[in-house]
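Close look at the chain arrangement
These are the residues of each chain, in order.
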Amino acid sequence: MSLLPKSDSIQIREVWANNLDEELDLIRDVVDEFPYIAMDTEFPGIVLRPVGNFKNANDYHYQTLKENVNLLKLIQLGLTFSDGNGNLPTCGTNKSCIWQFNFREFNPNEDVFANDSIELLSQSGIDLLARGLNKLAELLEVERVGVCHQAGSDSLLTCCTFMKLKGNFFSGSMEKYAGVLYGLGIESG
């Protein structure tokens, strides 16, 4: 598979309660051969900002992320599995497979959310968030497959962008980057 997949070569597998077990079986079958995992989540926005003293900007960003994730309900989870060369599993088909898990617990009539985030997600086709990723992918000439702000499409874009960065800019071990999130990285690095 090319690092720049075409829309007709990708199958975004929608996961709901009725096909969860079947899709988890497929994932169990591919995870050993495709151990790189890119993920994206869709949450209903940033609804609170922490107050207090923070060690640095990274600490503030981490606390903002942590508190909002702990408070809000997940809407979607996208997973893209690949091998070290960026190849994706095919799940016995002629298309590469990525997964988009849809959660039904979020209810806009009862749950906390940021209005602008829900409007954006609704316009993206989510029936009831990634500028930096989009810009980086554009600079690297990585093509998006699927709809922006849908977790499956965003996880694939994350995977392809990572593989392009890895191939073009990083040499040697990637261990020093393990566990680093954008905006929450190591102060000295």
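Scroll up a little and you will see the structure.
In this report, the structure presented in the accompanying data block is examined. (Residues numbered from 1 in each chain as written. Predicted model: local features only at pLDDT ≥ 70, side-chain atom pairs only at ≥ 80, totals over all residues. Heavy atoms only, no water.)

As a further point, take unusual backbone geometry. The phi dihedral of C91 is positive, around 55 degrees, even though this residue is not glycine. For E141, which is not a glycine, the phi torsion comes out positive at approximately 60 degrees. Secondary-structure assignment places E141 in the loop between α4 (131-139) and α5 (151-169). (Helix = DSSP H or I, 4+ residues; strand = E, 2+ residues; numbered from the N terminus.)

Attention now moves to the sheet that holds strand β4 (residues 96-102). Across the sheet, four strands lie side by side as β1-β4-β3-β2; this open sheet has mixed pairing. At either end of the open sheet lies a strand with only one pairing partner, and these are β1 (10-15) and β2 (36-42). Within the sheet, the average angular offset between the axes of one strand and its neighbour, ignoring direction, is 20 degrees. Two elements, strand β3 (residues 76-82) and β4, share four bridges in a ladder whose sense is antiparallel. Looking at the pairing, L79 lines up with W99 of β4. Taken strand by strand, helix α1 (residues 20-30) contacts β1, β3 and β4, and its axis lies near 135 degrees from that of β4. (Pairing = 2+ DSSP bridges. Axes fitted to C-alpha atoms, helices over the stretch in contact; angles between N-to-C directions. Contact = heavy atoms within 4.5 Å.)

When the terminal C-alpha atoms of helix α2 (residues 57-71) are compared, their 21 Å separation across 15 residues agrees well with the 21 Å that a helix rising 1.5 Å per residue should span. Turning to α2, its buried residues number three or more, namely N58, D59, T64 and N68. One side-chain oxygen at the N-terminal end of α2 lies 3.1 Å from the backbone nitrogen of N58; it belongs to N56. (Expected span 1.5 Å × (residues − 1). Buried < 20%, exposed > 50% of the residue type's maximum accessible area, 1.4 Å probe, protein only. Polar contact = N/O pair within 3.5 Å; in protein donor to acceptor, adjacent residues only side chain to side chain.)

Let us look at the side chain of D83. With respect to the helices and strands, D83 occurs in the loop between β3 and β4. Despite being buried, D83 has no salt bridge partner; K166 is the closest side chain of opposite charge, sitting 7.8 Å away. Here N85 takes part through its backbone nitrogen, which lies 2.9 Å from a polar atom of the side chain of D83. When neighbours within four sequence positions are excluded, D83 is seen to be in contact with E33, F34, P35, Y36 and M163. (Lys, Arg positive; Asp, Glu negative; His and termini not counted. Salt bridge = Lys/Arg side-chain N within 4 Å of Asp/Glu carboxyl O.)

Next up on the list: the pairing of β4. Among the seven residues of β4, seven are classified as buried, and the element is accordingly described as predominantly covered. Residues S96, I98, Q100 and N102 line one face of β4 and the alternating positions C97, W99 and F101 line the opposite face, and both faces are buried.

Quick look at the state of the cysteines now. One covalent bond between the sulfur atoms of two cysteine residues makes up a disulfide. One pass over the full model with this rule turns up zero disulfides. Of the cysteine sulfurs around C91, a residue in no disulfide, the closest is that of C97, at 3.1 Å. (Disulfide = S-S within 2.5 Å.)

The subject of this paragraph is the environment of T90. Among the secondary structure elements, T90 is positioned in the loop between β3 and β4. The spacing of T90 and V30 is 60 residues in sequence and 8.9 Å in space, taken between C-alpha atoms. Residues contacting T90, with those up to four places away along its chain left out, are K95, S96 and C97.

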